[in-house]
Amino acid sequence: MNHRHLSELLDYHYWAQERVFDACEGLTPEQFARDLGNSFESVSDTLAHINFAERIWYARWNSEPMPAPMMLRLLGAKPVGTDLMVFYWEREQAASA
C-alpha cells in the first residue's frame, strides 16, 4: 500500500461516513435508540462501536495509548440523538488531526 492508496481509502471512508450521518439524520430519537436485535442493538450503539474502532486504529497508527472514547462514555449515560453523536464524532476527529 502506498500513500495514494491510503489517501483514496480515507477519502472513501469520510464520504461513506457522511452518507451514514445523512441517513441517520431523519431518524427520531426513538428510532435511533430502538433495539433492532443485532449484535449492536441500536443505530446509536452501532455508531458508537464504529467510532470506538476508528479511535483504536488512530491510536495504533500514532503509537499512542488508546484514549477513552468520549462517545461511549456519553452513550453509557443515556441514548443520544443523531445531532449530538455527529457533534462528538467530529469533535474527536478534529482533536486527532
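Everything that follows concerns the structure shown earlier in this document.
(A) Geometry of helix 1 (residues 3–25). Between the first and last C-alpha of helix 1 there are 33 Å, a value that for 23 residues agrees with the 33 Å anticipated at 1.5 Å per step. The complete set of buried residues in helix 1 reads Gln17, Phe21 and Cys24. For helix 1, the side-chain oxygen to backbone nitrogen distance between the N-cap and Arg4 is 3.0 Å, and the N-cap itself is Asn2.

(B) Local environment of a negative patch on the surface. Together, Glu18, Asp22, Glu25 and Glu90 make up a negatively charged patch on the protein surface. The leading source of residues in the negative patch is helix 1, at 3 residues.

(C) Structural detail: the packing of aromatic side chains. The final tally for this structure, using the stated rule, is 2 aromatic pairs. Ring geometry for Tyr12 against Trp15: centres 5.5 Å apart, planes inclined by 35°, an arrangement best described as tilted. Separated by 3 residues within a single helix, Tyr12 and Trp15 lie in helix 1, roughly one turn from each other. Residue Trp15 is classed as partly exposed on the basis of its relative accessible area, which comes to 47%. Each ring, one from Trp57 and one from Trp61, has its centre 6.1 Å from the other, and the planes form 40°; the classification is tilted. Residue Trp57 and its partner Trp61 are located together in helix 3 (residues 43–61), separated by 4 residues, close to a single helical turn. Overall, the relative accessible area of 45% leaves Trp57 in the partly exposed class. Positioned over the ring face of Trp57 is Arg60, at 5.1 Å from the centre of the ring.

(D) A look at the packing of helix 1 against helix 3. Packing of helix 1 against helix 3 brings their axes to within 12 Å, and their N-to-C directions diverge by 160°. Our classification of the angle between helix 1 and helix 3 gives roughly antiparallel. Crossing hand, helix 1 versus helix 3: left-handed. Facing helix 1, whose interface residues are His13, Gln17, Val20 and Cys24, helix 3 presents Val43, Leu47 and Glu54. Looking at the contact of helix 1 with helix 3 residue by residue, the class counts come to 4 nonpolar, 2 polar and 1 charged.

(E) Inspection of the pattern of salt bridges at higher detail. Applying the stated criterion across every chain yields a total of 1 salt bridge. Notably, a salt bridge pairs Arg4 with Glu8, separated by 2.7 Å at the nearest N-O pair. With Arg4 and Glu8 both in helix 1 and 4 residues apart, this pair spans about one turn of that helix. We classify Glu8 as partly exposed; its relative accessible area is 42%.

Conventions adopted
- In every chain, residue numbers begin from 1 and rise along the written sequence.
- For a predicted model such as this one, the threshold for reporting local features is a pLDDT of at least 70, and the threshold for listing and counting side-chain atom pairs is 80 or more; totals across whole chains, interfaces and linings nevertheless cover every residue.
- The side-chain figures draw on all heavy atoms in the structure; neither hydrogens nor water molecules are used.
- Helix numbering and strand numbering both begin at the N terminus, where a helix is a DSSP run of H or I of at least 4 residues and a strand a DSSP run of E of at least 2.
- Expected span of a helix, by definition, is 1.5 Å for each gap between consecutive residues, and there is one gap fewer than residues.
- Exposure is judged per residue with a 1.4 Å probe applied to protein chains only, and the accessible area is read against the type maximum: over 50% gives exposed, under 20% gives buried, and values in between give partly exposed.
- Polar contacts, as used here, are pairs of N or O atoms within 3.5 Å; protein pairs need one atom able to donate a hydrogen and one able to accept it. Residues neighboring in sequence count only if both atoms are side-chain atoms.
- Residues qualify for a patch when their relative accessible area is over 30% and they have no salt bridge, like charges being joined within 9 Å and the nonpolar side chains of Val, Leu, Ile, Met, Phe, Trp and Tyr within 5 Å.
- Note that accessible areas follow from Shrake-Rupley with a 1.4 Å probe, and for residues the cover is restricted to the protein chains shown.
- Within this document, salt bridges are pairs made up of a side-chain nitrogen of Lys or Arg and a carboxyl oxygen of Asp or Glu, the two lying within 4 Å of each other.
- The convention is simple: Lys and Arg are positive, Asp and Glu are negative, and His and the chain ends are not counted.
- We put the charge of a Lys on NZ, of an Arg on CZ, of an Asp on CG and of a Glu on CD.
- Two aromatic rings, drawn from Phe, Tyr or Trp (for Trp, its six-membered ring), form a pair once their centres lie within 6.5 Å of each other, and the interplanar angle then sorts them: stacked below 30 degrees, edge-to-face above 60, tilted otherwise.
- A ring is scored as having a charge over it whenever the NZ atom of a lysine or the CZ atom of an arginine sits within 6 Å of its centre and within 35 degrees of its normal.
- Here an angle of 0 to 180 degrees is reported between the N-to-C directions of two axes, which are lines fitted to C-alpha atoms, with helices fitted over the stretch in contact.
- Angles are sorted into four bins: roughly parallel if under 35 degrees, roughly antiparallel if over 145, roughly perpendicular if 65 to 115, and oblique for all others.
- Take the far helix as your reference; a near helix turned counterclockwise from it by less than a right angle gives a left-handed crossing, and one turned clockwise gives a right-handed crossing.
- Contacts: residue pairs with any heavy atoms within 4.5 Å of one another.
- Polar here means any residue outside two lists: the nonpolar Ala, Val, Leu, Ile, Met, Phe, Trp, Tyr, Cys and Pro, and the charged Asp, Glu, Lys and Arg; Gly therefore counts as polar.

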